[in-house]
Amino acid sequence: MNPTKLNGSKFPQQRFCAYETDNQPDNEGVMSVLLGLRPACIIRNALAQEQSAALANAYLDQSAQRRHDGVPAYEIGLGSYGLTPDDYFGRVPGARADMEAIYAAAGVHLPSMAQEILQATVDPGVVVRPARHGGRAAMEFRATHFVDEGPLALKAHEDRGQTDGYEFGAAHRVCGFNFYVLTPDDQEGAALRMWNIVPDARTKRALGVEKTGYPYPTELLADTPFIDIRPRAGDLLLFAADGVHAVTSSKAASKARIVFQSFAGMIDGQIVRWT
Ligand SMILES: O=C(O)CCC(=O)C(=O)O
Ligand SMILES: [Fe+2]
């Protein structure tokens, strides 16, 4: 029988808000999300407007594929969703070549920038590295273009479900680590909506989403407090992706929303990254 509410852990209400900085790698903001003390840290203008525009244009010049996971979006690159570790890591070289072509065309090497930002932010000596499997390294980013089909551009979900069997299944928290390069001009919609709930294993089993994390029925979230975070082109967002979240529909004329997505989590004191 379906549960009638979601059980799990919550952030204390006074800490359930996004930490925001402007173009400053911020140790407290970033570490507090990785450690699970806060839901999100947004670094505004981590990319210059020209860099975002160049990445968006380079993405649009490539032929993206419809996502294979049922999400109404096109992507270039690769995510672990629905793939075994052998499949995922086997496909990385091809997918990485597609992403490198975008970085080269844009003249912006996002993986190096991400590494520099994280390394400059965390305490000296903390290792920041890709997730690994049999000597192979995970993808740095994939690029997703959401095609807003409403009522949510991306249904409520959490991204812990996609980590089963992977090294990153052991991450303390599964955090989204996203650069936004094209966003709708919208004061209300096109937000990342985060509900204050990290569902427990029992709730996930009851809903049959323990291996996917997708989707959660919105009726079950009616009484759960949420925040809306509205990233703009150039922003870098780190957020608790193991909590239930969604992307709200845009009301703007142009709904295009392009995100260079990845995940980050702490494993044994190291910061590990994957897609
Ligand atoms: O685009 C966003 O703001 C978040 C996307 C997301 O949650 C996902 O792709 O798993
Ligand atoms: Fe997500």
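Preceding block: the structure.
Think of each chain on its own: its residues are numbered from 1, step by step along the sequence as written. Written order determines the labels here, with chains lettered from A and ligands numbered from 1. The predicted origin of the model limits local features to residues at a pLDDT of at least 70 and limits the giving and counting of side-chain atom pairs to 80 or more, whereas totals for whole chains, interfaces and linings rest on all residues.

**Student:** Is there a simple way to think about the pairing of strand 15 (residues 236–240) in this case?
**Tutor:** Put simply, side chains in a regular strand alternate between the two faces of the sheet. Exposure classes come from backbone-placed C-beta atoms, where a residue is buried if 20 or more other C-beta atoms lie within 10 Å of its own, exposed if 12 or fewer do, and partly exposed in between. The helix and strand labels rest on DSSP assignments: H or I over at least four residues marks a helix, E over at least two residues marks a strand, and numbering proceeds from the N terminus. Counting buried residues along strand 15, 5 of its 5 residues qualify, which places the element largely inside the surrounding structure. Residue alternation in strand 15 divides its side chains into two sets, L236, L238 and A240 and L237 and F239, and both sets are buried. Two strands form a pair only when DSSP identifies at least two bridges running between them. When strand 3 (residues 40–44) meets strand 15, the two strands line up antiparallel, connected through 4 bridges. Bridged to I42 within strand 15 is L237. Sheet topology note: the strand 11 (residues 175–182)/strand 15 ladder contains 5 bridges and is antiparallel. Residue F177 lies in a different strand from strand 15, and its bridge partner there is L238.

**Student:** Looking at this structure, I do not really get the environment of K251. What am I missing?
**Tutor:** Looking at where K251 falls in the secondary structure, it is placed in the loop between strand 16 (245–248) and strand 17 (257–261). According to the C-beta neighbour criterion, K251 is partly exposed, with 15 such atoms within 10 Å. Once the C-alpha coordinates of K251 and P184 are considered, the two residues, 67 residues apart in sequence, prove to be 8.4 Å apart. What counts as a contact is two residues whose backbone-derived C-beta atoms lie within 7 Å of each other. Once residues within four sequence positions are removed from consideration, K251 is found in contact with D186, E188 and G189.

**Student:** What exactly am I supposed to notice about the site of ligand 1 here?
**Tutor:** Only the C-beta atom matters for this test: placed from the backbone, it must lie within 6 Å of a molecule or strand for the residue to be near it. Neighbouring ligand 1 are the residues L154, D159, G176, N178, L192, H245, V247, V259 and Q261. Amino acid classes used here: Ala, Val, Leu, Ile, Met, Phe, Trp, Tyr, Cys and Pro are nonpolar; Asp, Glu, Lys and Arg are charged; the rest, including Gly, are polar. Tallied by class, residues from the shell around ligand 1 come to 4 nonpolar, 4 polar and 1 charged.

**Student:** What is the right way to read unusual backbone geometry from this model?
**Tutor:** Phi is mostly negative for residues that are not glycine, and the peptide bonds are mostly trans. Cis peptide bonds are those with omega within 30 degrees of zero, and the linkage from Y214 to P215 qualifies with -15°. On the secondary structure map, P215 appears in the loop between helix 5 (201–207) and strand 14 (226–229). Backbone geometry at A190 places phi at a positive 55°, although glycine is not the residue there. Here A190 shows up in the loop between strand 11 and strand 12 (192–195). We note that D268 has phi near 50°; this positive angle belongs to a residue other than glycine. You can see D268 is positioned in the loop between strand 18 (263–267) and strand 19 (270–274). C-beta crowding within 10 Å serves as the criterion here: with 8 such atoms nearby, D268 is assigned to the exposed category.

**Student:** I tried to follow the sheet that holds strand 14 on my own but got confused; where do I start?
**Tutor:** Here 4 strands make up an open sheet; going across it, the order is 10-16-12-14 and the pairing antiparallel. With partners counted over all chains shown, the strands left at the sheet margins are strand 10 (152–157) and strand 14, one partner each. Mean inter-strand twist for the sheet, computed between neighbouring axes without regard to direction, equals 20°. Pairing geometry for strand 10 and strand 16, over 3 bridges, is antiparallel. Along strand 16, the bridge assignment pairs H157 with H245. The axes used here are C-alpha line fits, helices contributing only the stretch in contact, and every angle between their N-to-C directions lies in the interval 0 to 180 degrees.

**Student:** Just to check I follow, could you spell out helix 1 (residues 27–34) for this structure?
**Tutor:** Residues spaced three or four apart along an α-helix point in a common direction, a consequence of the helix completing one turn every 3.6 residues. The set of residues buried in helix 1 consists of G29, V30, V33 and L34. Take helix 1 and look down its axis: the buried residues cluster within an arc of 125°, on one side only. When we speak of the arc, we mean the arc of directions from the helix axis to the C-beta atoms.

**Student:** Hey, could you run me through the environment of V181 in this one?
**Tutor:** Counting through the fold element by element, V181 comes out in strand 11. Assessed through the 28 C-beta atoms surrounding it within 10 Å, V181 is described here as buried. Taking the C-alpha atoms as reference points, V181 and L236, separated by 55 residues in sequence, lie 9.4 Å from one another. Apart from residues lying up to four places away in sequence, V181 is in contact with S52, L55, A56, A233, I258 and F260.

**Student:** I keep staring at the pairing of strand 2 (residues 18–22) and nothing clicks. Help me out?
**Tutor:** Across 5 bridges, the pairing between strand 2 and strand 3 is parallel. Bridge assignment links T21 to a residue of strand 3, and that residue is I43. Here a crossover is taken to be right-handed if, once the strands point away from the viewer, the path from the first strand over the helix to the second is traced clockwise. Handedness of the crossover is the feature at issue here: the chain leaves strand 2, passes through helix 1, returns alongside strand 3, and the resulting connection is right-handed.

**Student:** What is the right way to read the packing of helix 2 (residues 49–61) against helix 3 (residues 85–106) from this model?
**Tutor:** Geometry of a packed helix pair, given as the angle between the helix axes and the separation of the axes. One way to put it is that helix 2 packs onto helix 3 with a least axis distance of 8 Å and a crossing angle of 130°. Judged on the interaxial angle alone, helix 3 and helix 2 are oblique. Handedness of the crossing formed by helix 2 with helix 3: right-handed. Contact residues: helix 2 offers A54, L55, A58, Y59 and D61, while helix 3 offers I102, A105 and A106. If an angle is under 35 degrees, it is roughly parallel; if it is over 145, roughly antiparallel; if it lies from 65 to 115, roughly perpendicular; otherwise it is oblique. In this scheme the handedness of a crossing depends on how the near helix is turned from the far one: anticlockwise by less than a right angle means left-handed, clockwise means right-handed.

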